[in-house]
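# Reading the structure
Listed below are the residues making up each chain.
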Amino acid sequence: MSLSKNNQLVALQEIVAAVEAGLADSAAEVRLNMVNGGYMFYAYNDTSKYSRYAFLRQSIIEDTLTVEFTGTIPHELAFGTLTLKATLTDITLLANAIVNWYSVTNGLVFNVSKDGDKEVNLVRVANVSALRGKGIRSE
Amino acid sequence: MLLVDPRYKFNVELIARAEQHFAESDDISVMVSNSIQFHSQATRRYVDITHVGTKAIIVRYYDSASPFQKEVSDSLDRYDTDMVELLQSIHNWMFLESGEVLRTHSVLNHNFIRVLRHNKQIYLRPSGWTGDLVAEVEGIKNVAV
């Protein structure tokens with residue numbers, strides 16, 4: 001027998017490991033910080049002058065993981081927030097979404113695809129300027 | 001590249017070592033939310049480890065089965081924490097019988113010793129000023145020296 005770990009812990013470790021692997025060859029420098037209520041992935045791009053966040057929340061009671069993506073670019077407060085509420089079987093999808101978030105550039109297309117019949121938001125951002133004052137569109 | 005928070009690294013390493021330490025046990029579980037918690041189903045004791053600031057951790061020892069809901073705590077420097085001693089301390093706490101002595105980890109060269117006797121905790125520590133042993137009984141300081 002062995003030490004038993006709860007689903008949240010197993011999922012968290014798998015996500016962080018997947019994100020670490022996904023960003024291994026990336027030019028993006030992303031920081032993972034422990035914050036109250038979860039874990040914050042953070043990156044600042046000095047060339048493009050943007051900062052991006054992906055806030056990974058854990059809900060022990062609901063047995064879910066949620067990632068909220070937010071970002072800023074110069075002279076705009078934010079270009080949107082995306083919340084993915086995933087079951088623990090969506091670990092790969094969540095990890096890929098985080099990696100993609102730090103890989104896309106301005107004028108970005110950020111596409112989180114639907115995974116089978118699981119309930120995952122599909123968000124597509126075609127143009128940053130089109131988002132001003134509108135927030136992200138989700139379908 | 002992902003730059004990982006040292007607190008997360010600490011958690012991962014502690015859990016990995018705990019998996020080795022409790023490899024023979026089917027009673028201990030660990031969960032992580034804002035803190036790390038080790039639980040024993042059999043004795044209903046648990047230990048909560050919380051990061052405070054950038055350097056310190058607080059280790060709290062709870063006894064759910066006690067009518068007094070006992071809690072004792074240590075504040076440790078994360079970078080000086082000996083994980084083997086910490087896990088042994090957690091192990092001892094989980095399976096301690098009343099009247100036994102719980103020897104916990106060294107903190108800044110001070111050896112902490114706890115004694116459980118008749119549901120009362122006597123907490124011995126060396127005085128930082130005189131070097132004498134100071135006893136705390138259920139949080140009342142300097143009851144016995």
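Look a little higher up for the structure.
Parameters and conventions
Residues numbered from 1 in each chain as written. Chains lettered and ligands numbered in written order. Predicted model: local features only at pLDDT ≥ 70, side-chain atom pairs only at ≥ 80, totals over all residues. Heavy atoms only, no water. Helix = DSSP H or I, 4+ residues; strand = E, 2+ residues; numbered from the N terminus. Buried < 20%, exposed > 50% of the residue type's maximum accessible area, 1.4 Å probe, protein only. Contact = heavy atoms within 4.5 Å. Core = buried A, V, L, I, M, F, W, Y, C linked by side-chain atoms within 4.5 Å. Buried area = accessible area lost by both parts, 1.4 Å probe. Salt bridge = Lys/Arg side-chain N within 4 Å of Asp/Glu carboxyl O. Polar contact = N/O pair within 3.5 Å; in protein donor to acceptor, adjacent residues only side chain to side chain. Pairing = 2+ DSSP bridges. 1 Å grid on protein atoms, 1.4 Å probe; cavity = no way out; pocket = protein on both sides within 12 Å on 5 of 7 lines; lining within 4 Å. Points joined across faces, edges and corners; volume = space filled by probe spheres on them. Nonpolar A, V, L, I, M, F, W, Y, C, P; charged D, E, K, R; others polar. Axes fitted to C-alpha atoms, helices over the stretch in contact; angles between N-to-C directions. Parallel < 35°, antiparallel > 145°, perpendicular 65-115°, else oblique. Left-handed = near helix turned anticlockwise from the far one by under 90°.

### Comments concerning the overall build of chain A
- A tally of regular secondary structure across chain A gives two helices and six strands.
- Moving toward the C terminus, one meets the helices and strands of chain A in the order β-α-β-β-β-β-β-α.
- The 139 residues of chain A split such that 44% are buried.
- Of the contacts formed within chain A by residues at least 6 apart in sequence, a portion of 39% connects residues at least 24 apart.

### Focus on the nonpolar core
- The biggest cluster of nonpolar side chains holds 52 residues, and the ones touching the most others in it are Phe41(A), Tyr102(A), Phe38(B) and Ile49(B).
- The element that contributes the greatest number of residues to this core is helix 2 (residues 91-101) of chain A, accounting for seven residues.
- Each residue touching Phe41(A), except ones within four places of it in the same chain, is listed here: Val19(A), Val30(A), Arg31(A), Leu32(A), Arg52(A), Tyr53(A), Ala54(A), Leu56(A), Ile98(A), Tyr102(A) and Leu2(B).

### Describing the interface of chain B and chain A
- In this assembly, 26 residues from chain B lie in contact with 30 residues from chain A.
- Across the interface of chain B and chain A, roughly 2,400 Å² is buried in total on both sides, 58% from carbon and sulfur atoms.
- The largest contributions to the chain B side of the interface with chain A come from Met1(B), Leu2(B) and Tyr8(B), which together make up 31% of the buried area.
- Across the contact surface, chain B and chain A share one salt bridge.
- Close ionic contact of Glu19(B) with Lys5(A) constitutes a salt bridge, the shortest N to O distance being 3.3 Å.
- At the junction of chain B with chain A, the criterion picks out twelve residue pairs in polar contact (both at pLDDT 80 or more).

### Focus on the environment of Gln41(B)
- When you line up the elements, Gln41(B) lands in the loop between strand 3 (36-40) and strand 4 (45-52).
- Along the chain, Gln41(B) and Met94(B) lie 53 residues apart, while their C-alpha atoms are 9.4 Å from each other.

### Re the pairing of strand 3 (residues 38-45) of chain A
All names here are of chain A.
- Where strand 2 (residues 30-35) lies against strand 3, six bridges are found, and the strand directions are antiparallel. Considered in strand 3, the bridge of Val30 is made with Ala43.
- Where strand 2 folds back on strand 3, the antiparallel hairpin that results is connected by two residues, among which Gly37 adopts a positive phi of roughly 95°.
- Sheet topology note: the strand 3/strand 4 (residues 50-59) ladder contains eight bridges and is antiparallel. Residue pairing in the sheet places Ala43 in a bridge with Arg52 of strand 4.

### Quick notes on empty space enclosed by the protein
- Tallying each qualifying case throughout the model produces one cavity of 30 Å³ or more.
- Size it by volume and the largest cavity reaches roughly 30 Å³.
- In terms of lining, the largest cavity is formed by Leu9(A), Leu12(A), Gln13(A), Tyr39(A), Tyr8(B), Asn11(B), Val12(B), Ile15(B) and Val32(B).
- Looking at the lining of the largest cavity, the elements with two or more residues in it are helix 1 (7-22) of chain A together with helix 1 (6-21) of chain B.
- Among the elements that make up the lining of the largest cavity, the one with the highest residue count is helix 1 of chain B (four residues).
- Split into classes, the residues belonging to the lining of the largest cavity amount to seven nonpolar, two polar and no charged.

### Concerning the environment of Thr47(A)
Residues and elements named next belong to chain A.
- Here Thr47 is to be found in the loop between strand 3 and strand 4.
- Judged by relative accessible area, which is 76%, Thr47 ranks as exposed.
- Here the alpha-carbon distance between Thr47 and Thr66, two residues 19 residues apart in the chain, equals 29 Å.

### Describing the packing of helix 1 of chain A against helix 2 of chain A
Residue and element names in this part refer to chain A.
- Packing of helix 1 against helix 2 brings their axes to within 9 Å, and their N-to-C directions diverge by 40°. Considering the angle they form, helix 1 stands oblique to helix 2. Crossing geometry of helix 1 relative to helix 2 is assigned as right-handed. Of the residues in helix 2, those in contact with Ala11, Glu14, Ile15, Ala18, Val19 and Gly22 of helix 1 are Ile91, Leu94, Ala95, Ile98 and Val99.
- For the contact of helix 1 with helix 2, a count of residues per class yields nine nonpolar, one polar and one charged.

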